Amino acid sequence: MTIELKLNGTTHHVDAEPGTPLLWVIRDDLKMTGTKFGCGVAACGACTVHVDGEPVRSCQTYIEDVEGSEITTIEGLSSDAAKAVQTAWAELDVVQCGYCQSGQIMSAVGLLTENKSPSVAEIDDYMNGNACRCATYQRIRAAIQRASELMEA
Amino acid sequence: MTLNTTRRSFLASAAAAGGMLAIGVTPTGALAKAGGNALNPFVTVSSDGTVTAILKHFEKGQGTATGLSTLIAEEMNMGLDAIEFEFAPSNPDVYNNLAFGPFQGTGGSTAIANSYMQYRMAGAAAREMLITAAAQRWNADPADLTLLDGVISGAGKEGMIGEFVAEAATLDVPSEPTLKDPSAFRVIGDASVHRKDQDAKINGTAVYAMDIQLENQMVVVIKRSPRMGGTVASFDAAGAQSVKGFIQALALPNGAGVAIYADKTWAAFQAREAVEVEWDFSAAESRSSEDIKRELFAALDDTSEFDASSEAELSDTLAAIEGAEKVVEETFYFPLLAHAPMEPLGATIEPLADGSVVIHDGAQFPTNDHSVLSSILELPMEKVKVNTILAGGSFGRRATPTADYQVEIALAFAMTDRTRPVKLVWSREDDITAGYYRPAFAHKVRVGLDSDGKIVGWDHRIAGQSIFKGTFFESVIVRDGIDHSSVEGAADTPYAIPGMHFGLTDNKPATTLLWWRSVGHSHTAYVMESMMDIAAKAAGKDAVAFRLEYLAGDTPDQQRKAAVLELAAEKAGWGKAADGRSQGVAVHKSFGSFVAEVAEISRDEDGAIKIEKITAAVDCGLAINPDVIKAQIEGGIGYGIGHAMRNEITLTEGAADQVNFPDYEPLRIHDIAAIETHIIPSAEAPTGIGEPGTPPAGPVLANAIAVDGPRITSLPMINEGVEFV
């Protein structure tokens, strides 16, 4: 079936079977690979994208359920929160292997969009579904706090 | 996609035309210009002034791209931001790991240690040649000229380095260029420099093997035997025919599985679900992990197969313990562990028009990629190119002596007509279930103490599965039957403990095994540092002071180990934990580096443990990139603690019981509240940093828990009734 997908402000027409995860349409059909495959079962958060502004795990989001929604991937980030997060990530040298970081950033932007100055407990709670095997967690926590400062400045 | 191979041919022609200065080494290790014996350089300078570090080590997050670029930037007197980097092609003659012999690869925390002088020499040679070229053009004395931030100046003149590249490329390479004095270092040791690889990882443009998208490529996934040694008896792909995008299913010629080809990844996964395989398990492993555990424990009570002690006799040790005032004894168990790097494994083989092939891989062992493809595809070595790209973690997993996934992709590609690129994709389930685990180990230690609380004997027996036997590294690591990686960190401890004896018994592997971040230290440090704590308690002494008694000698190892211990204790406020909190300590040498850690924990009203803070002190020689060192200690601690807390692979009839993150739960952001790292200033040659943070992490948590709780001697901790918040 042909599905109309609004992604990063552009409308795409994609031929995909119902039940196909959004992740694989983004990666293999639209060839945008910033959104990562980590587990396929929504347990690691590497595939996090925004659907109508909310972070979701694209590996467990079926393509037919997001027709008409506004989808944003790491490649399409442009909000003030996103700029603050990406700036803070660079300032604090958060990344190691980097493979989970698109998902971490998408979640962090989701957090700061709904809560501009989260507490440590709120950060830990919100980010708990994003795994980082390099264990860059304390820099992620610090970078979210830094991004919060940047947004207030 | 721009391929490194394209860049490579540009390099060769540009160097030949004098438009580029390229410095590498000859196969004998002498500095040389590219275009001659050293076609493959460590550094290039182009006529537009671009300086590029060519990295012989891959980047899996450990910071090599930053570290090797730093060495070039330093000797060329440039800012780190001004240096470009790219990964080297496969050429073990030029890019061999000096710690491995004639083999190009990354591992054992050797990247900086073995490259440190090579990259500095290459950078220094390029600097001297550019200055000499300028001096000749200006009729000046080279000693009057300086190169700084891409500009050569002196004798009243100045010019950009690019202007001198053509002339510099005609000069002889100095055999021993003058290295900068460490007092003049600007980039080495600068904690404020930023990682070279981070921008692309922040904006989503970084390309990993999983991200290769070539025109007309096929995706292949493998249905593997669930048990080690099982082979395909027959298979039925009829069910896959209805999956849109399914192409074909073919048994791998080595019998290890069925390759399922499709146009796209999701179709390949779906088709795999629909392919039914009858396995021949006649030669397959049938033991469970409980069987292995029983065998290991039985071995500990028997006479050890190998005597791993160079000094003490077992009879002397036993006699000393027999006559001791007090004896403490513990038996330890360490389960199989998966590496689970964030990026599941995979690689792509791309056929080129001239009959050669390129493998796009986060290649940890490029020499393996190269020789495996040459052999399986029956192509001469020069028709195989290895394009090393970023790797989404490894922890050892991308470096298999058997080149497991490279063999899979080569076999899968060989069965096609070789006109389309073939991309191998592993799922997380493949990653967790397909073996290559940290082997299971058991230790039994008896320590005798005299009436002054001094150790008089230490009888230490180890049973486990050898990682190195049967691999091409066996001749380097295995001596007199003893796989050194089974006893490293114990039998070679810097502690000056009298009457130490070590015995080792090998256990037949029940699954494929592999080094895992810190290798043998991943279990030996836990045992050594738990026993030191237990012995200190039995002696009625402070855990730090007790350890220092055995580090009071004048060997550099003892002094450096004592120094990190003292620094960590001081910075953590050892002995001054707040009410309701407990502290533990551990210190260990691995990969040439020394790391001490102090853990501070609290318990909630239900007794669940929260890790409030880990304070670490590290001595890894000269700190090239202090912030990368801190990041590696943070990551190494997280990796060690997360697995000690809750991870294990168990086998039922030779097949893994765990399949994905929900039952191999990663460390999460809330698990450790804070990590603080302190670096000992040092002028010693740089040593490892990717692994040394991991070994003390398990025992430091165990020692903190044991202050007011149980002594955990079997991992993971959650199996022993320990709860974490």
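What counts, and at which threshold
- Residues numbered from 1 in each chain as written.
- Chains lettered and ligands numbered in written order.
- Predicted model: local features only at pLDDT ≥ 70, side-chain atom pairs only at ≥ 80, totals over all residues.
- Helix = DSSP H or I, 4+ residues; strand = E, 2+ residues; numbered from the N terminus.
- Rg over C-alpha atoms; globule rule 2.2 N^0.38 Å.
- Buried ≥ 20, exposed ≤ 12 C-beta atoms within 10 Å, placed from the backbone.
- Contact = placed C-beta atoms within 7 Å.
- Domains from an automatic or database assignment.
- Pairing = 2+ DSSP bridges.
- Axes fitted to C-alpha atoms, helices over the stretch in contact; angles between N-to-C directions.
- Nonpolar A, V, L, I, M, F, W, Y, C, P; charged D, E, K, R; others polar.
- Parallel < 35°, antiparallel > 145°, perpendicular 65-115°, else oblique.
- Left-handed = near helix turned anticlockwise from the far one by under 90°.
- Core = buried A, V, L, I, M, F, W, Y, C linked by C-beta atoms within 7 Å.
- pLDDT = per-residue confidence, 0-100.

### A few points about the overall build of chain A
Okay, step 1: A count of helices and strands for chain A gives five helices and five strands.
Okay, step 2: The N-to-C order of helical and strand elements in chain A reads β-β-α-β-β-β-α-α-α-α.
Okay, step 3: The C-alpha atoms of chain A give a radius of gyration of 15 Å, which matches the 15 Å a tight globule of 153 residues would have.
Okay, step 4: With the principal axes as the frame, chain A shows a C-alpha extent of 45 × 30 × 25 Å.
Okay, step 5: Of all 153 residues assigned to chain A, the portion counted as buried reaches 59%.
Okay, step 6: Partitioning the intrachain contacts of chain A with sequence separation of at least 6 by distance along the chain shows that 63% fall at a separation of at least 24.

### What to know about the overall build of chain B
Okay, step 1: Of regular secondary structure, chain B possesses 19 helices and 30 strands.
Okay, step 2: Over its C-alpha trace chain B gives a radius of gyration of 27 Å, about what one expects of a compact globule, namely 27 Å for 725 residues.
Okay, step 3: When its C-alpha atoms are laid out on the principal axes, chain B stretches across 80 × 75 × 50 Å.
Okay, step 4: Per-residue burial for chain B yields a buried fraction of 58% across its 725 residues.
Okay, step 5: Across chain B, contacts joining residues at least 24 apart in sequence account for 76% of those joining residues at least 6 apart.

### What to know about the domain arrangement of chain A
Residue and element names in this part refer to chain A.
Okay, step 1: Domain annotation for chain A reports domain 1 (2–76) and domain 2 (80–152).
Okay, step 2: The centre of domain 1, based on its C-alpha atoms, is set 21 Å off from the matching centre of domain 2.
Okay, step 3: Taken together, the contact pairs 15 residues of domain 1 with 12 residues of domain 2.
Okay, step 4: Elements represented by at least two residues in the side of domain 1 that touches domain 2 include exactly β3 (48–51) and β4 (54–57).
Okay, step 5: Tallying contributions element by element places β3 first for the side of domain 1 that touches domain 2, with three residues.

### Considering the sheet that holds strand β2 (residues 31–33) of chain B
All names here are of chain B.
Okay, step 1: In space, the five strands of this open sheet follow the order β2-β1-β3-β4-β5, with mixed pairing throughout. Sheet topology places β2 and β5 (83–87) at the edges, where each strand pairs with a single neighbour. For this sheet the average axis-to-axis angle between neighbouring strands, irrespective of direction, equals 20 degrees.
Okay, step 2: Alignment of strand β1 (residues 20–25) against β2, held across three bridges, turns out to be antiparallel. Across the sheet, residue V25 finds its bridge partner in β2, namely L31.
Okay, step 3: Packing of helix α2 (residues 64–75) onto the sheet brings it into contact with β3 (41–46), β4 (51–55) and β5, and relative to β4 it is tilted by some 130 degrees.

### Structural notes on the interface of chain A and chain B
Okay, step 1: Each partner contributes to the interface: chain A provides 43 residues, whereas chain B provides 48 residues.
Okay, step 2: Contributions of two or more residues to the side of chain A that touches chain B are made by α1 (22–29), α2 (80–91), α3 (101–114) and α5 (137–152) of chain A.
Okay, step 3: A per-element tally of the side of chain A that touches chain B places α5(A) first, with four residues.
Okay, step 4: Split by residue class, the side of chain A that touches chain B holds 22 nonpolar, 13 polar and eight charged.

### Examining the packing of α2(A) against α3(A)
Residue and element names in this part refer to chain A.
Okay, step 1: Where α2 meets α3, the axes come as close as 9 Å, and the angle between the chain directions of the two elements is 130 degrees. Judged by the angle between their axes, α2 and α3 are oblique. Classified by chirality, the crossing of α3 by α2 is right-handed. Residues A81, A82, A84, V85, Q86 and W89 of α2 touch α3, and the partners they reach there are I105, A108, V109, L112 and T113.

### Brief notes about unusual backbone geometry
Residue and element names in this part refer to chain B.
Okay, step 1: Residue L715 is joined to P716 through a cis peptide bond whose omega torsion reads 5 degrees.
Okay, step 2: Its location among the elements puts P716 in the segment after α19 (697–707).
Okay, step 3: Backbone geometry places N77, a non-glycine residue, at a positive phi of 55 degrees.
Okay, step 4: The residue N77 is located in the loop between α2 and β5 in this model.
Okay, step 5: Since 18 C-beta atoms lie within 10 Å of it, N77 is described here as partly exposed.
Okay, step 6: At F591, a residue that is not glycine, the phi angle is positive and equals roughly 55 degrees.
Okay, step 7: Assessed through the 21 C-beta atoms surrounding it within 10 Å, F591 is described here as buried.

### A word on the nonpolar core
Okay, step 1: In this structure, A:V85, B:L130, B:V220 and B:I260 are the most contacted members of the largest nonpolar core, which totals 286 residues.
Okay, step 2: Ignoring sequence-local partners within four residues, the contact set of B:L130 consists of B:V45, B:L147, B:I152, B:I161, B:F164 and B:A168.

### A look at the packing of helix α18 (residues 626–646) of chain B against α19(B)
Residues and elements named next belong to chain B.
Okay, step 1: Contact pair α18 / α19: the axes reach a minimum separation of 7 Å and the direction vectors enclose 60 degrees. Here α18 is positioned oblique relative to α19, judged by the angle of their axes. Taken as a pair, α18 and α19 cross one another with a handedness that is right-handed. Note on element contacts: α19 touches α18 through A697, G698 and L701, opposite G636, I637, G640, I641 and A644.

### Some details on the environment of A:L112
Residues and elements named next belong to chain A.
Okay, step 1: Among the structural elements, L112 can be located in helix α3.
Okay, step 2: With 47 residues separating them in the primary sequence, L112 and D65 have C-alpha atoms 26 Å apart.
Okay, step 3: For L112, the residues in contact, after removing those within four places along its chain, are A81, A84, V85, I144, A147, S148 and M151.

### Looking at the sheet that holds strand β2 (residues 10–15) of chain A
In any sheet, the strands associate via hydrogen bonds between backbone groups, in a parallel or an antiparallel arrangement.
Residue and element names in this part refer to chain A.
Okay, step 1: A sheet is described by the order of its strands in space; here five strands give the open sequence β2-β1-β5-β3-β4, paired in mixed fashion. Two strands close off the open sheet at either side, each with one partner strand: β2 and β4. Averaged over neighbouring strand pairs, the angle between their axes works out to 40 degrees when direction is ignored.
Okay, step 2: Along the sheet, α3 makes contact with β3 and β4, crossing β3 at roughly 35 degrees.

### Observations regarding the pairing of strand β30 (residues 675–679) of chain B
Residues in a regular strand project their side chains so that they alternate between the two faces of the sheet.
Residue and element names in this part refer to chain B.
Okay, step 1: Residue alternation in β30 divides its side chains into a buried set, I675, T677 and I679, and an unburied set, E676 and H678.
Okay, step 2: Two elements, strand β27 (residues 609–619) and β30, share five bridges in a ladder whose sense is parallel. Across the sheet, A616 pairs through a bridge with T677, a residue of β30.

### Some details on the environment of B:T433
Residues and elements named next belong to chain B.
Okay, step 1: Residue position: T433 is located in helix α12 (residues 428–433).
Okay, step 2: Residues T433 and Q658 lie 225 residues apart in sequence; the distance between their C-alpha atoms is 6.8 Å.
Okay, step 3: The contact partners of T433, leaving out residues within four places of it in the chain, are P226, A656 and V659.

### Here we look at the domain arrangement of chain B
All names here are of chain B.
Okay, step 1: Its domain assignment divides chain B into domain 1 (4–203), domain 2 (209–281 + 345–425) and domain 3 (289–337 + 437–720).
Okay, step 2: Computed over C-alpha atoms, the centres of domain 2 and domain 3 are 37 Å apart.
Okay, step 3: Residue-level contacts link eight residues of domain 2 with 14 residues of domain 3.

### Quick notes on the pairing of strand β24 (residues 500–506) of chain B
All names here are of chain B.
Okay, step 1: Most of β24 is tucked away, with six of its seven residues classed as buried.
Okay, step 2: Sheet topology note: the strand β14 (residues 306–307)/β24 ladder contains two bridges and is antiparallel. Opposite F306, over in β24, you have L504 as the bridge partner.
Okay, step 3: The sheet contact formed by strand β21 (residues 455–464) and β24 spans seven bridges and is parallel. When the bridges of β24 are listed, W458 appears paired with M500.

### As for the confidence of the model for chain B
Residues and elements named next belong to chain B.
Okay, step 1: Taken residue by residue, chain B gives an average pLDDT of 94. The fraction at 70 or more is 97%.
Okay, step 2: Per-residue pLDDT stays below 50 along residues 1–14; that stretch engages in 20 contacts with residues further than four places along the chain or on separate chains.
Okay, step 3: ipTM for the predicted complex: 0.98, alongside a pTM of 0.96.

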